[in-house]
Amino acid sequence: MNQLVFIQNDDVLTDSITIAEMFDKRHDIVLRDIRNTISSLGRLSKSKEVEEMGIDMGVLKFVETYYTNQQNKQPYPNFLTAKWTGCYSSTIHKGSWEK
């Protein structure tokens, strides 16, 4: 995949699988980081980095969905996300997230 975002129902979205592929990260690590972000949105909204980046935390949207793995036919979690990729890419740029 070579496109980070896509349009669905007039929303500009990406998903956790696409984020993992585009940033060369393991999908389970991206899922963990999204879950950590969701659980700390209140604290993050007051952080200096979020303020400097001009991120409006009120527009963050995470929807947990599932996809079926092509090889083993098992369902796995996948987050549809909007407005979050800038946070992810800036943190990766700082080198603080695992592959």
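(A) Highlighting the pairing of strand 2 (residues 11-15). As judged from the 3 bridges shared by strand 1 (residues 6-8) and strand 2, these two strands associate in the antiparallel manner. Following the sheet pairing, F6 is matched in strand 2 by L13. A loop of 2 residues connects strand 1 with strand 2, the two strands running antiparallel in sequence, and N9 in this loop sits at a positive phi of about 50°. With 2 bridges connecting them, strand 2 and strand 4 (residues 75-82) associate as antiparallel partners. Looking across to strand 4, one finds that T14 is bridged to T81.

(B) Looking closely at the side chain of D15. With respect to the helices and strands, the residue D15 is situated in strand 2. Discounting chain neighbours no more than four positions away, the residues touching D15 are F6, N78, F79, L80 and T81.

(C) Expanded view of the sheet that holds strand 4. An order of 1-2-4-3 is seen for the 4 strands of this open sheet, with the pairing classed as antiparallel. The strands lining the two open edges of the sheet, one partner per strand, are strand 1 and strand 3 (61-68). Between one strand and the next, the sheet's axes are offset by a mean angle of 45°, whatever the strand orientation. Relative to the sheet, helix 2 (residues 27-39) contacts strand 3 and strand 4, its axis offset from that of strand 4 by approximately 55°.

(D) Expanded view of the nonpolar core. Counting 10 residues, the largest nonpolar core is built from I19, A20, V30, L31, I34, V50, M57, L60, F62 and F79. Of all the secondary structure elements, the ones that give two or more residues to this core are helix 1 (16-22) and helix 2.

(E) Local environment of unusual backbone geometry. Of note, the phi angle at D24 is positive, near 55°, even though the residue is not glycine. A residue is classified by how much of its surface remains accessible, and D24, at 49% relative accessible area, is partly exposed. Even without a glycine there, the phi angle at K73 is positive, about 60°. We classify K73 as exposed; its relative accessible area is 55%.

(F) The packing of aromatic side chains, seen in detail. For the coordinates displayed, the defined rule picks out 1 aromatic pair. Judged by centre distance (6.0 Å) and plane angle (35°), the rings of Y67 and Y76 are tilted.

(G) Here's a closer look at the pairing of strand 3. Summarising the sheet, strand 3 and strand 4 pair through 8 bridges and their orientation is antiparallel. Bridging from a neighbouring strand, Y67 pairs with Y76 of strand 4. The hairpin formed by strand 3 and strand 4 contains 6 residues between the paired strands, and K73 there has a positive phi angle of roughly 60°.

Calculation rules
Residues numbered from 1 in each chain as written. Predicted model: local features only at pLDDT ≥ 70, side-chain atom pairs only at ≥ 80, totals over all residues. Heavy atoms only, no water. Pairing = 2+ DSSP bridges. Helix = DSSP H or I, 4+ residues; strand = E, 2+ residues; numbered from the N terminus. Contact = heavy atoms within 4.5 Å. Axes fitted to C-alpha atoms, helices over the stretch in contact; angles between N-to-C directions. Core = buried A, V, L, I, M, F, W, Y, C linked by side-chain atoms within 4.5 Å. Buried < 20%, exposed > 50% of the residue type's maximum accessible area, 1.4 Å probe, protein only. Phe/Tyr/Trp six-rings, centres within 6.5 Å; stacked < 30°, edge-to-face > 60°.

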